[in-house]
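Here is how the chains run, residue by residue.
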Amino acid sequence: MKKSLILMVVAGLAILLVAASINAGQKTDGIIEMKNEKAVAQHKMGIVQFTHDLHFADKPDGHGVGCGECHHDAEGKPLNDLKASDPVKSCFECHSKADRPRKPKDISDEDWQAMRLEYYVEAMHDNCIECHKAQSGPVKCTDCHPKP
């Protein structure tokens with residue numbers, strides 16, 4: 001009786017350890033796979049592997065990017081007071097148009113920019129590329145989008 005109880009406890013612990021290791025493997029070193037099938041029907045480029053921890057970490061070990069440089073509220077104001085454990089909305093909740101826009105004729109630059117930011121892909125590109133240009137980060141497509 002005692003042996004079977006001990007075996008059940010050991011088996012239960014083993015199952016818990018296996019389950020924990022599987023769940024731990026789903027998020028590796030703060031890497032976020034920037035794959036949004038609702039926003040992009042067919043990915044032609046490789047999926048960006050965004051290293052959140054590296055961008056967020058203070059210099060010199062990281063890039064020292066503050067939360068508000070990427071995360072903002074509905075009015076576009078930076079969310080500078082976020083903590084790593086705070087829940088954030090998905091970008092797609094506000095930048096909810098799929099694929100890429102086509103520029104209408106006779107649209108002002110200001111209206112075109114506003115229209116583009118309604119699209120998830122354009123909002124992501126604008127946010128990343130403008131920061132990369134300012135900080136001498138990668139700006140070539142294949143620097144961030146590995147060949148599939």
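Thresholds, definitions, all that
- Residues numbered from 1 in each chain as written.
- Predicted model: local features only at pLDDT ≥ 70, side-chain atom pairs only at ≥ 80, totals over all residues.
- Heavy atoms only, no water.
- Salt bridge = Lys/Arg side-chain N within 4 Å of Asp/Glu carboxyl O.
- Helix = DSSP H or I, 4+ residues; strand = E, 2+ residues; numbered from the N terminus.
- Buried < 20%, exposed > 50% of the residue type's maximum accessible area, 1.4 Å probe, protein only.
- Expected span 1.5 Å × (residues − 1).

Details of the pattern of salt bridges
Once the charged atoms of two side chains with opposite charge are near each other, the side chains can pair.
Okay, step 1: The final tally for this structure, using the stated rule, is six salt bridges.
Okay, step 2: For K35, the salt bridge goes to E37, with nearest N and O atoms at 3.5 Å.
Okay, step 3: K97 is the partner of E118 in a salt bridge, and the nearest nitrogen-oxygen pair spans 2.8 Å. Of this pair, E118 sits in the loop between α3 (109–116) and α4 (120–134) while K97 sits in the loop between α2 (52–56) and α3; the two residues are 21 residues apart in sequence, bridging distant segments of the chain.
Okay, step 4: Among the residues examined, E118 registers a relative accessible area of 34% and is labelled partly exposed.
Okay, step 5: Judged by relative accessible area, which is 38%, K97 ranks as partly exposed.
Okay, step 6: Several salt bridges converge on common partners, so that one network encompasses R100, R116, E122 and D126.

Concerning α4
Given 3.6 residues to a turn, an α-helix orients residues that are three or four positions apart in the same direction.
Okay, step 1: The terminal C-alpha atoms of α4 lie 22 Å apart, and with 15 residues this matches the ideal 21 Å at 1.5 Å per residue to within 8%.
Okay, step 2: Within α4, the full set of buried residues consists of Y120, V121, E122, A123, M124, D126 and H132.
Okay, step 3: Two residues or fewer after α4 comes S136, characterised by a positive phi angle close to 60°.

Thoughts on the environment of G46
Okay, step 1: Position of G46 among the secondary structure elements: in the loop between β1 (31–33) and β2 (49–51).
Okay, step 2: Residue classification places G46 among the buried residues on the basis of a relative accessible area of 8%.
Okay, step 3: As a C-alpha pair, G46 and K147 span 101 residues in sequence and 5.1 Å in three-dimensional space.

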